[in-house]
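# Summary of the model geometry
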Amino acid sequence: MNDLSPFTQRDYSDAAKRAIARAPALFIDNAWVASTHGATIPIIDPSNAREIGRFVDASDADVDRAVAAARRAFDDGRWTTLRPLDRERCIHRLADLIEAHADEFSELEAIDNGMPKGMAAAADIPSAIDMLRYMAGWATKISSETTLPASLPVGAYHAYVRREAVGVAALIAPWNFPLVMATLKIAPALAAGCTVVLKPAEQTSLTALRLGDLIAEAGFPAGVVNIVTGNGHTAGARLTTHPDVDKIAFTGSTEIGKVINRAATDTLKHVTLELGGKSPVVILPDADLEAAGAGAAGAIFFNAGQICVAGSRIYAHRDVFDRVLEQVSEQAAFWSPRASLDPAGHMGPVVSQDQFERVMAYIDDGKKAGASVAIGGGSLGSEGYYIEPTVLVDVKPQMRVVQEEIFGPVVVAQRFDDLDEVARQANDSAFGLGASIWTKDLSAMHRLAGKIKAGTVWGNCHSVIDPAMPFGGYKQSGLGREHGRPGVEAYTELKSVIVQL
């Protein structure tokens, strides 16, 4: 095993082979059902670019059937009128089942997405379990509120505000963290009392399909959770315009988020959008440079930079810029890409041929525009989608590599002189999802955190995300918030009730 090339994929386990060999089907009404047509999508292992299986490319009729199942399950009360404690227990059972199959899920995520299995086991799968367990508790915490009317005689009316489930939720998950993103959306919707149709990304549907088995095993009533696979422009588009869908939650690119938001307007659906980012990593001159360099490298090279909050813009104070660059360079070997099932791997390939070409085109565009490659800049291996950890310097603010989301292991590094200047640079972006500040000066950290327009600002860390903390973005990084109380309330409606006594 040790003499294999770092780009040679390892053999799959028997459990993974069974999951991959599943006959293409959709999970509707707690059963695996055939599509109304024969169209399928290939499953590609990005570690070797080989097709390993296929799954359904859902038709409009397939989507309609899934939405109808969710509509029935919502309208007849089999989930909404279930005791909140019983809804909570169902969600907890699903978390327990994922935990019991954690090794299998880690492997499937690695095979499908390209992230190293060890990273999936340490971060992706535990985060999915944590999200379910945290959100399960909200099933018993959503409550009504009595109110004293301001313009009515005291004692003549009884008034209260109910918080009710919004209805059928269409949940469209991205490919970068497939299981986490699926559970991140399913969990609050179920806790609020909604029924759902989940559409995983067409690049990475393996763990969502395996999740369907566990949803049935966990005891969810039929129709409460339905899973349809398919392309975004077909199955996803059908969901976003379907008249029986009340709520859409989407994570993905800003470009597609705008399309979904426009499509949802015709029926005024509730919409939550978690979109792109171009997160700054600000390193002040007094920072622990070893920790900051390692943190900056991890912020961009974790999951091959395929993370919405990736620290893709480094702003280091002029006095420490060269030393920061040295620290990031020293980390590059740790993040050198390997096949996703290589136990020594920390970074894998990017997810697909399209993504590989996109990232390499950005690197080439940056060089043509005058940027210099300080680290990396090339591809690796004869098969698979491997890109070197890459740092670009000598960049200008309006270059595409500085302004646009690359979604790969590519960071641009720039200098600054003072806090006001770096705040302006950090905010010179259409995005506002995340940012990190590295300093020992807590006063400077808090002042700068107040100036940066981002949904999350980290201090001396990056990409630390917790189920209890609201998550979302400013500007073109999205609409609304996920996680925490806001994440649950996004799946509810408010109803005022006024009764004359």
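Residue positions are given per chain, counting from 1 as you read along its sequence in written order. Only residues with pLDDT of at least 70 get local features here, since the model is predicted, and only at 80 or more are side-chain atom pairs given and counted; chain-wide, interface and lining totals rely on the full set of residues. Side-chain numbers come from the whole structure's heavy atoms, not from hydrogens or water.

Taken together, three strands build an open sheet; the order of strands is β5-β6-β24 and the sheet is antiparallel. A strand with exactly one partner marks an edge of an open sheet, and here the two such strands are β5 (145–147) and β24 (492–500). Strand after strand, the sheet turns through a mean of 25 degrees between neighbouring axes, direction not considered. Any two strands with at least two DSSP bridges between them are considered paired. Only DSSP runs of H or I covering at least 4 residues are called helices, and only runs of E covering at least 2 are called strands; the numbering of each starts at the N terminus. Pairing geometry for strand β6 (residues 157–165) and β24, over nine bridges, is antiparallel. By the bridge assignment for β24, Y160 is matched with V497. Here an angle of 0 to 180 degrees is reported between the N-to-C directions of two axes, which are lines fitted to C-alpha atoms, with helices fitted over the stretch in contact.

Further remarks concern helix α5 (residues 117–136). A turn of α-helix holds 3.6 residues, and therefore any two residues three or four places apart point the same way. To estimate the expected span of a helix, count its residues, drop one, and scale the result by 1.5 Å. For α5, with 20 residues, the first-to-last C-alpha span of 27 Å sits near the 28 Å given by 1.5 Å per residue. The angle between axes fitted to the seven-residue stretch ending at a residue and the seven-residue stretch beginning at it gives the bend at that residue. Approximately 25 degrees is the largest bend angle found in α5, and it occurs at P126. Only heavy atoms enter the contact rule, under which two residues are in contact if any of them lie within 4.5 Å. Those residues of α5 hidden inside the fold are in contact with α3 (84–100), α4 (102–113), α6 (178–192) and α16 (484–489).

Looking at the secondary structure, you find D57 in the loop between β4 (50–56) and α2 (60–75). No salt bridge is formed by the buried D57; its nearest oppositely charged neighbour, K199, is found at 7.7 Å. Relative accessibility decides the category of a residue: with a 1.4 Å probe and only protein chains considered, values under 20% of the type maximum give buried, values over 50% give exposed, and everything between is partly exposed. When charges are counted, neither His nor the chain ends are considered; positive counts come from Lys and Arg and negative counts from Asp and Glu. Basic side-chain nitrogens of Lys or Arg form a salt bridge, by our definition, when they fall within 4 Å of a carboxyl oxygen of Asp or Glu.

Moving on, we get to the UniProt feature "active site" (unreviewed entry) in the protein. UniProt positions are given in the numbering used here, feature names are shortened, and annotations may be inferred rather than shown by experiment. UniProt records the feature "active site" (unreviewed entry) at E274, using the numbering of this structure. Looking at the element boundaries, E274 is found in strand β11 (residues 270–274).

In contact at an axis separation of 8 Å, helix α10 (residues 289–301) and helix α11 (residues 321–331) are set at 55 degrees when each is read in the N-to-C sense. In terms of axis orientation, α10 runs oblique to α11. Considering only the axes of α10 and α11, their crossing is right-handed. Together, L289, E290, G293, A294, A296, A297 and F301 of α10 and R323, V324, Q327, V328 and Q331 of α11 make up the contact between the two elements. In this scheme, roughly parallel covers angles under 35 degrees and roughly antiparallel covers those over 145, while 65 to 115 is roughly perpendicular and the rest are oblique. Each crossing is labelled by how the near helix is turned from the far one, with a counterclockwise turn of less than a right angle marking it left-handed and a clockwise turn marking it right-handed.

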